[in-house]
Structures are given as structure tokens and as C-alpha cells.
Amino acid sequence: MFFDLTDEQKAIKKAARDMLEIECPRSYVRAMMDDARGYQPELWKKMADLGWMGLALPERYGGAGLEFLSLTGLIEEMGRFLLPGPFVSTVVGGGLTLAAAGSPVQQESILPKLVRGDLLMTLAVGTDHGRLDAGGVQNSAVRQGDGFVLNGIVRLVPDAQTADIILLAARTSQQHEEGLTLFLVDAKAPGLSVHPQYTTDGRKVANLEFSSVRVPSTAVVGRVDGAWPIIAAAQRRLTLSLCAEAVGGAGMAMEISVEYAKTRVAFGRPIGMFQAIKHKCANMLVQVESGRFLLYYAAWLLQEGASEAPEAVAVAKAWCGDSYTKVASDGIQVHGGIGMTWEHDMHLFLKRAKVIELSSGDSDYHAEHIAKELERRATAISSAR
Amino acid sequence: MDLTYPPEAEAFRQEVIAWLQANLPSGWGTPQFKLPGDPKQRRAWHVDWHRKMHAAGYVGLTWPKEYGGQGADPVMSMMLNEELTRFEAPQGANALGTRIVGPTIIQFGNEEQKRAHLSKILSGEEMWCLGMSEPGAGSDLASLQTRAVEEGDFFVVNGQKVWTSSAHLANYIYLLVRTDPTAEKHRGISVLLVDMKTPGIVVRPLKQITGESEFNEVFLQDVRVPRSNLLGEKNQGWRVIMGQLGYERSGGSRGMNCQRALEDLVRLARNTYRNGKPASEDPIIRRKLAQLAIEVNIVRLTDYKEMTIQLQGGRPGPETSFGKLFWSELNQRLSSVGVQILGLEGTLSKQSSDVVKNGEYLYAFLRAYGNTIEMGTSEIQRNIIGERVLGLPRG
Ligand SMILES: Cc1cc2nc3c(=O)[nH]c(=O)nc-3n(C[C@H](O)[C@H](O)[C@H](O)COP(=O)(O)OP(=O)(O)OC[C@H]3O[C@@H](n4cnc5c(N)ncnc54)[C@H](O)[C@@H]3O)c2cc1C
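Asker: Explain the pairing of strand 3 (residues 154–162) of chain B to me, using residue names and the numbers behind them.
Answerer: Each regular strand shows side chains that alternate between the opposite faces of the sheet. Residue and element names in this part refer to chain B. Note that strand 2 (residues 147–151) and strand 3 share five bridges and pair antiparallel. Its bridge partner being in strand 3, E150 is matched across the sheet by F155. Connecting strand 2 to the next strand, strand 3, in antiparallel fashion are two residues, including G152 with a positive phi near 60 degrees.

Asker: Hey, could you go over the interface of chain B and chain A for me, with residue numbers and the actual values?
Answerer: With 46 residues of chain B at the interface, the matching set in chain A holds 42 residues. When chain B packs against chain A, close to 3,700 Å² is buried across both sides, 60% of that on carbon and sulfur atoms. Across the chain B-chain A interface, the total number found is seven salt bridges. With its nearest N and O atoms 2.7 Å apart, the salt bridge here joins A:R155 to B:D354. For the pair chain B and chain A, the interface holds 23 residue pairs in polar contact (both at pLDDT 80 or more). For the side of chain B that touches chain A, the elements supplying multiple residues, two or more each, are strand 6 (201–206), strand 9 (273–274), helix 8 (283–311), helix 9 (320–342), helix 10 (360–367) and helix 11 (378–389) of chain B.

Asker: Please provide a residue-by-residue account of the site of the ligand, values included.
Answerer: Residues in close proximity to the ligand total 30 residues, the closest being A:R264, A:Q333, B:S139, B:T377 and B:E379. In this structure, the ligand is bordered by residues of chains A and B. A distance of 2.9 Å separates a nitrogen atom of the ligand from a polar backbone atom of B:W163. Contact with the protein chains removes 94% of the 970 Å² of surface that the ligand exposes when unbound. Elements with a minimum of two residues in the shell around the ligand: helix 8 (275–304) and helix 9 (309–335) of chain A together with helix 11 of chain B. Residues belonging to the shell around the ligand are distributed by class as follows: 15 nonpolar, eleven polar and four charged. Two domains each put at least three residues into the shell around the ligand: domain 2 (128–235) and domain 3 (250–389) of chain B.

Asker: For the domain arrangement of chain B, give the residues involved together with the corresponding values.
Answerer: Residues and elements named next belong to chain B. As assigned here, chain B comprises domain 1 (7–93), domain 2 (128–235) and domain 3 (250–389). Between domain 1 and domain 3, the C-alpha centre-to-centre distance is 22 Å. Taken together, the contact pairs ten residues of domain 1 with eight residues of domain 3. Overall, the association of domain 1 and domain 3 removes approximately 940 Å² of surface from exposure, summing both partners, and the carbon and sulfur fraction of that is 66%. In this structure, the connection of domain 1 to domain 3 is made through one salt bridge. For E88, the salt bridge is made with R260, and the minimal N-O distance between the two is 2.7 Å.

Asker: How would you summarise the pairing of strand 7 (residues 204–216) of chain A if you had to cite specific residues and measurements?
Answerer: Residues and elements named next belong to chain A. Direction of pairing for strand 3 (residues 147–158) relative to strand 7: antiparallel, over a ladder of nine bridges. What sits directly across from F148, in strand 7, is V215. Where strand 6 (residues 192–198) meets strand 7, seven bridges bridge the pair, whose relative direction is antiparallel. The residue bridging H195 from the neighbouring strand is N207, located in strand 7.

Asker: Any chance you could break down unusual backbone geometry for me, citing the residues and the numbers?
Answerer: Its identity as a non-glycine residue notwithstanding, A:S360 has a phi of 55 degrees, on the positive side. Structurally, A:S360 can be placed in the loop between helix 10 (346–358) and helix 11 (363–384). For A:S360, a relative accessible area of 30% gives the class partly exposed. Phi angles above zero are rare outside glycine, and B:E88 is one such case at about 55 degrees. Turning to its location among the elements, B:E88 is positioned in the loop between helix 3 (74–86) and helix 4 (95–108).

Asker: An account of the nonpolar core is needed here, citing residue identities and associated values.
Answerer: In this structure, A:M47, A:W52, A:L71, A:F87, A:L182, A:L240 and A:F349 are the most contacted members of the largest nonpolar core, which totals 134 residues. Tallying contributions element by element places helix 7 (residues 228–263) of chain A first for this core, with 19 residues. Each of two domains, domain 2 (128–235) and domain 3 (250–389) of chain B, supplies a minimum of three residues to this core. Non-local contacts of A:F349, meaning those with residues more than four positions away in its chain, are made with A:R26, A:R80, A:L82, A:G249, A:M252, A:A253, A:I256, A:Y324 and A:A328. Of all hydrophobic cores here, the second largest spans 49 residues; its members include B:Y5, B:W28, B:V59 and B:Y174.

Asker: Describe helix 5 (residues 111–123) of chain B, naming the residues involved and giving the relevant values.
Answerer: Residue and element names in this part refer to chain B. Taking 1.5 Å per residue, 13 residues should reach 18 Å; helix 5 reaches 19 Å between its end C-alpha atoms and fits that length. Packing partners of the buried residues in helix 5 comprise helix 2 (39–55), helix 4, strand 1 (128–131), strand 4 (172–178), strand 5 (189–195) and strand 8 (230–231). Two residues or fewer after helix 5 comes G124, characterised by a positive phi angle close to 90 degrees.

So, how was this worked out
Residues numbered from 1 in each chain as written. Chains lettered and ligands numbered in written order. Predicted model: local features only at pLDDT ≥ 70, side-chain atom pairs only at ≥ 80, totals over all residues. Heavy atoms only, no water. Pairing = 2+ DSSP bridges. Helix = DSSP H or I, 4+ residues; strand = E, 2+ residues; numbered from the N terminus. Contact = heavy atoms within 4.5 Å. Buried area = accessible area lost by both parts, 1.4 Å probe. Salt bridge = Lys/Arg side-chain N within 4 Å of Asp/Glu carboxyl O. Polar contact = N/O pair within 3.5 Å; in protein donor to acceptor, adjacent residues only side chain to side chain. Near = heavy atom within 4 Å. Areas by Shrake-Rupley, 256 points an atom, 1.4 Å probe, with all protein chains shown as cover. Nonpolar A, V, L, I, M, F, W, Y, C, P; charged D, E, K, R; others polar. Domains from an automatic or database assignment. Buried < 20%, exposed > 50% of the residue type's maximum accessible area, 1.4 Å probe, protein only. Core = buried A, V, L, I, M, F, W, Y, C linked by side-chain atoms within 4.5 Å. Expected span 1.5 Å × (residues − 1).

Structure representation (C-alpha cells):
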């Protein structure tokens, strides 16, 4: 029985924290909110040189081949510092998905560059009519000659404006889950236009509009009509990456608030002496620590390929998304007037929290999945008796 | 118990409705009508609207006739508020003046002060802000440090205020100052009514988490204020402040406002798809909206109760903390549901082409965080209820 990160995983986290402490001050976060690209290439290069891109990618492509939990710890630290930029989109959405489902040729042509920090990616899966299931993908791919023609719009794709290669889910037939195919699409392909949108956290998202974009059949990842299991697995990894960011960010929002509660004086004493404030701070700790437990547990199940993994991911997201918002909200309240100002950093955490909470399904969405899973298990148990 | 309005109030309602229909710009309340995006132009529009309302006699309905009011029964002003809210007609251009400073002057001011200020507050010639909080004195307001020293017929003021809402738009400030630094902290405070053109006052807007600048820092250096601008007695300011906070915290039309916002959320839920069907068909969203409806009822009834106290000639006291606390926390829940229904789309800011309703839901969500802080935080309201209403031992 051992429920903790390994020493190696802790060392990775520690190194990341030391590096980001210097390289990612909140002045950088703020500057990148207004920056069209949303990250500085110099910092990206440094991250690549430290081996972050390839941490969980195969060694044959220059990666370190570590397990998902190590990457989770790294992303948690990124969340703590609100690190902007397309890391998760590139590495988790693009890299890990390709490593899991791409052909050797596809992997060979993309992953080494990605690991070196020379190539950015994102996963684009439609959520038409607010649907996160396969039915949300309405943009089409139609076979023509030796390839496919892509049409339609995919909305609010993270980091689409900087991606070099887009891993696109498109509908190749009307079968629900059995009608989706994944394509590697060059972001500069003729007929593909990118329309930036602006979420309140200052991260980059865009709508992708495909009008008769041609791709060769070698662009298909996995098999035609066979993308749903790949997408579902990728979404679980992305969802947990959001949870990792949430746990890291909530932890920092808590620390800032606790520090303030120790130093801000009202009625002749530090406000942390008032139980109303002390209890708020204690609740923050409960939120953050419990989120971290759920996160590590789910990440471990995922890397082990356990059948309980999907449910654990839903549990983690349902909890971590809401709890980040709660902690940042209480963080503002603990700060009083100054918490309502743009100058203070607490709103940066709140806004990132809200975007995370509402990305990849909110807690209501995941709660429904959990309920379904409970039912399924109850049926399985009673039929086993 | 009688929640009907007297016939003269119902007649007045019809008059108000006719007036609003005639005077609100065409397309009002539909997407066709847009207020100016530029804050200066938007402000000018609001000030103009205030003037129209004033010309119609709809500002300061209950104030005494001799000071520019209509001397009307409070039930008329409740009626007016209801209709203004129903039409979503703006009423905020000088809200701090008409809702808070004016009533405080009526209660504590001398004849000269009433003559000097009240009619101008109503006409909008005097736009007011409240200079209370300081960097070191928010919840613990009584520890404020802005100093006023008497020199002949003047007070000379030095210090700093912060979070002063609308100071960048105001030409008068209701200013709390310390006039006796040796006395116990509640006993050395006075209230001054200060013309913001007086030399030595500098206003610096502060940007809020919404991106808008609605509050400010106010710096005061050797500001000379005539002694005649002292409201109430010297060093007796705390009494004035207690009265003023009652006006500040009491509701008026909070219930109606929440009701409007809720109706809008229902429309939003009908028009927004979640998991492939209208959000209004999602049992979770339905439950959330229904819960809001339950709580909005409570806010409305709190308004009635506060109004009843007023109709019986009472003044708002510590019990207004209940209404302020409940409303502020409800408003936060209410304002988060719009963003929630929209999902990720709800987090889009104004400049996005996909933004819904010009980013109003996101703005409301963020702005509501201030509700549990401004006018005394929720923690302070609970302390007041615990100590001054329930009589629990003081912490
Ligand atoms: C949007 C907005 C508009 C405002 N407009 C105005 C204005 O127009 N004029 C004006 O003068 N002020 C205004 N304020 C200021 C507001 O009144 C103060 O922010 C508020 O009273 C809290 O004071 P503070 O910011 O100093 O926080 P603090 O008093 O430092 O409080 C920090 C935290 O400690 C808690 N706390 C403090 N004391 C206790 C206690 N005894 N028990 C339990 N908890 C406690 C508070 O609840 C809060 O959570 C505005 C504030 C906001 C957010």
C-alpha cells in the first residue's frame, strides 16, 4: 500500500516549481493574456530543453517514457503558476494521442519535433449543441479520390491559433460513435481558417472553419470510422490534465489567501483570528487536498489502463473543477475590497477556475456519468448473486 | 396582511407605465437597442435619462416637497420601482445620492444643508459618492485615519479613501473623517459633505475584475472644507453613519431585480442547448432555476417587510443586515447560473464574435463577487445579526 507520488515524481514536481517560480511570475501570465500567441517561444524552448514535452512520450522519439502520473504532477505545478501556453494541447491532446493511436510513420514525422519544442498541436473535437458525446461532432469528412475533403466548423478549440498540426475529429458516416475519424491536418492547409475567441482567463481558443480542406488518406489516425475510442481516451487524459491544473491553481489561491489572512489586520487583529475567515481557509485546504487525492488516484488508474479509470476521471473532474472555483471565490471574499481589483491576482485564479470548471464537462455532466456507472455496477452485482 | 396596493397607487402605476412607454427609446429591452459602448457616452446617456425622470417628477417621490420632492407616500415609490424594474429602466445615475446620501441628510442635516443639497441631488446637479473605506479601515470602519483639523471656519482634511464607487463621476463626496484622535475610535469621527472641486482632492480610478472601473482611490491633501458642511455634530459621526448604513443596506427593489434576472435566465435556458437539448429540459438546470425562484421569493418578501417598516414610520436598523446578506449571496448564485447554462461559451469576453448578449452574463457573474463585500461583508452582516439582533456575546 502506497498512496503517494514516488520520489522521482516528487523531484520532477519540485524542479518544475523551482523553474516556474522564476520563469512564470504573474506579470508574465498577465502579459500573455494580451498576447496574440499567448506564450513566449524562449520559455517554450526552455521547457523543451528540460524534457517536459517528452516526459511521457516514448524514448525512441526523444521522450523520457515516464508514466502519466509524472506528467500529472508537472501539469499541477503549471496550474499553480497559471502557466499560459499550449502545453496541454500539444503534449496531451496531440502527443499522447498520437503516441497511443498513430502509425509509426505518423509518430516518426511528428513526435521528435514535438519533443524538441519545434511543433505545436491541438485536438479539435466538436461540441455542437453543447454535446460532449460523439453526437457533438457534426463537421464532415467525405472521401474523394485518394483522400478526404473536410467541411464544417469546430468551435472553441483550445490553442488552435498556434497549433502547427490539428488532430481533427470529423464525421465520416452517420453512425453515432462508429462514424468518426481522426485526421492530422496541417494548420496552414488551404481552406482552413482560424477565428480567435477570447475566454475570460486570457488563454487562447479559436473556432476552426473548414471549407473543402483536402487531406490525403495517410492523414487518417487509426482507422476510418474508428476514432471514438481514441477520442474518448484522449478526452480522459485532457480532462485529468485540467484537474491537475485545477489542483495546482487552487493550492496557490489557498496559499495566497492564507498568507493574507495572517497579515491583514482588522479590529486590531489578523483577520485569520476570526473563525469566519479561519474556517474558510480550512475549507480551502479540504477542497485542495481531497482534489489532489482524486487526481492522483485517477491518473494512476489511467496509466494502469484500469477499467475503473473512466469513472475515476469523472469523479476527479466533478470535484476538482468546482473546488477550484470555490477556493478562488472564497479567496476573493477573504481579501475583501482588494480581491475585487484587477491589480490583485486572485481574479486570475477565479477566471482560470471557471473556464476549467466548464471545460470538458461541468460537474453536473460528470455526476450523470458517475450515476450511470453506479447503476451499471449495481446491476452487475445483483446478477452475479 | 394586505399585499394589494391602494387604488391611487394602481392609478399611478398606469401613469408610470404610459410614461415609460412614451419615453424609453424605441427598441428598449430588445437586442435592437444598445447603450453606447464607450463608458463616457454611456454615462451621458444615463445622466440624460435621470434628467428626464426628474422632469417627470419620478426622482425623490417620497422626499418633502419643500426640498424638491413630491411628498408622496412610500407605497408610491415602491410602485414606481416595480415598474422601472419591470421595464428594466435605468435608475442608477445618482443612486448613491438619491438612495443613501439624500435620506441621510434628511435625517441628520440642518435646514441650510437640506436647502443646499436635496433638490440638487434629485435634479442630478449633485452626483454623490461615499468616502468611507480606507486602505486600513474597511470592515473595521471606525478605525479610519483620514484626519480633519479645525482651523477657524474650516476643517483641513488629509488622508486617503479607497474603493470609492463612482468617485470618478461624482462632484460631491460624503466623507468620513477623524476629528478627535484621542477619543475612543467610535467617538472621534465626523461626517463632512465635500465639494469635489475643492483643491487637494485627487481621484484615481481602480479597475475591477470585470475589466470596468467603477470604484476609485481618493487622495485628500490639505482639503479645506467649510465648517458649515459638517453633517450632524462634531465627533458624533458614528450615529450618522449607523443611520446611513441602514439606508445603504436596505433593499427597495432587489426582489424585482432578481425576478427580472431569473426570467431572463429562463429565456436563456430555453434558447441554449446542453447535451443536445434545450437546457430548460435538463432536470438539473430546472432544479437550479426552481431553487432560485424559491429564494427570489424570499428577497421580494424581505423588500415588502422593509417597506412595511418604512410605511409605519420606522427607520432601517440592524435587521437590514438580513436582507443585504440574503440578497448578496443569492445574487451570486443567480449570476453564476447564466454562465453555467452557456458553458464554456459563457466565459467568452466581449470582443469574441461568439459572445452571447455582449458578455452580460460573464459581467454579472464577476460583478456579483463584490456584493458580499461592498456595504459590509457577509461576515460582518452575520456578526451584526448575531450580536445586535440576536444579542449573542460580542467576539
Ligand atoms: C464593489 C465594491 C464597491 C465598494 N464601494 C464602496 C464605496 O462606494 N465607498 C466605500 O467607502 N467603500 C466601498 N467599498 C468598500 C467596502 O465597504 C469594503 O471593501 C468592505 O467593507 C470590506 O473592507 P476591506 O476591503 O478593508 O476588507 P477587510 O475589512 O480587510 O476584510 C477582509 C476579510 O476579513 C473579514 N473580516 C474582517 N473583520 C471581520 C470580523 N470581525 N469577523 C469576521 N470576518 C471579518 C471580511 O469579512 C473579509 O472577508 C466597496 C467595495 C466593493 C467590493
